[in-house]
Amino acid sequence: MAILITGGAGYIGSHMVYELADGGELPVVIDDFSSGFKWAIPSGVSVFVEDIGDQRRVAQLIAKFGISEIIHLAASVVVPADRRQRRGKSARPSRARTKEAAD
Ligand SMILES: NC(=O)c1ccc[n+]([C@@H]2O[C@H](COP(=O)([O-])OP(=O)(O)OC[C@H]3O[C@@H](n4cnc5c(N)ncnc54)[C@H](O)[C@@H]3O)[C@@H](O)[C@H]2O)c1
């Protein structure tokens, strides 16, 4: 069973990926590495450097791997004040991207 972990390179996500892999599941990671680390993901796990707001790409990966479950942990835990004031895609809050991914 393939399980998609968004934010799988982050603190909580990487622990989740290890647990799933150790349990014999097939974790697939989407992470934009805005705060995560590649070294935090066990070798052999499929990792895709994507923004969860990219609906087309997320849908492609769900279809490609036959994803049955999604554990959503991608988030900007700390958002500096100057970034909140910037306009554009990178300034959109995590909840907006979560909604896009869910749609
Ligand atoms: N760390 C804790 O103690 C804790 C406790 C309770 C709940 N949580 C929640 O768990 C979630 C993850 O927290 P964390 O501590 O692992 O944070 P983290 O910053 O370590 O991990 C978040 C990951 O999401 C990735 N990411 C951010 N925006 C992205 C995007 N648009 N597309 C793809 N990837 C993106 C980052 O690169 C990073 O790897 C958050 O929702 C947080 O509120 C954390």
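Residues numbered from 1 in each chain as written. Predicted model: local features only at pLDDT ≥ 70, side-chain atom pairs only at ≥ 80, totals over all residues.

The protein chain carries the name UDP-glucose 4-epimerase in an unreviewed UniProt entry, which gives Bradyrhizobium algeriense as its organism. Looking at the protein chain in UniProt, the text filed under Sequence similarities (unreviewed entry) is "Belongs to the NAD(P)-dependent epimerase/dehydratase family." Listed under Pathway (unreviewed entry) in UniProt, the entry text for the protein chain is "Carbohydrate metabolism; galactose metabolism." (UniProt positions renumbered as here; feature names shortened; annotations may be inferred.)

It is worth spelling out the overall build of the protein chain at this point. Within the protein chain, the secondary structure is distributed over four helices and four strands. In sequence order, the protein chain lays out its α and β elements as β-α-β-β-α-β-α-α. Counting every position in the protein chain, which comprises 103 residues, the buried fraction comes to 26%. Partitioning the intrachain contacts of the protein chain with sequence separation of at least 6 by distance along the chain shows that 62% fall at a separation of at least 24. (Helix = DSSP H or I, 4+ residues; strand = E, 2+ residues; numbered from the N terminus. Buried ≥ 20, exposed ≤ 12 C-beta atoms within 10 Å, placed from the backbone. Contact = placed C-beta atoms within 7 Å.)

Next up on the list: the site of the ligand. Taken together, the neighbourhood of the ligand is formed by 23 residues, with G7, G10, I12, G36 and A74 sitting nearest. Looking at the shell around the ligand, the elements that each hand over two or more residues are α1 (11-22) and β2 (26-31). Ranked by the residues each element gives to the shell around the ligand, the list is headed by α1, at three residues. Here the shell around the ligand is built from residues that sort into 10 nonpolar, nine polar and four charged. (Near = placed C-beta within 6 Å. Nonpolar A, V, L, I, M, F, W, Y, C, P; charged D, E, K, R; others polar.)

Pairing is parallel in the open sheet, where four strands are placed in the order β3-β2-β1-β4. Of all the strands in the sheet, just β3 (46-49) and β4 (67-72) have a single pairing partner and so form its edges. Direction aside, neighbouring strands of the sheet carry axes that sit 20 degrees apart on average. In this structure, strand β1 (residues 2-6) lies alongside β4, joined through five bridges in parallel fashion. Residue pairing in the sheet places I3 in a bridge with E69 of β4. (Pairing = 2+ DSSP bridges. Axes fitted to C-alpha atoms, helices over the stretch in contact; angles between N-to-C directions.)

Backbone geometry at F33 places phi at a positive 60 degrees, although glycine is not the residue there. Examined against the element boundaries, F33 turns out to sit in the loop between β2 and β3. Residue class for F33 comes out exposed when judged on the 12 C-beta atoms lying within 10 Å of it.

With that settled, the discussion passes to α1. Taking 1.5 Å per residue as the helical rise, α1 with its 12 residues ought to reach 16 Å, and the 17 Å between its terminal C-alpha atoms agrees with that figure. Every buried residue of α1 is accounted for by G13, S14, V17 and L20. Burial along α1 is one-sided: seen end-on, the buried residues are contained in an arc of 125 degrees. Residues of α1 that are exposed and point more than 90 degrees away from the buried face comprise E19 and D22. Where α1 is buried, its residues contact β1 and β2. Following α1 by one or two positions, G24 adopts a phi angle in the positive range, close to 85 degrees. (Expected span 1.5 Å × (residues − 1). Arc of directions from axis to C-beta.)

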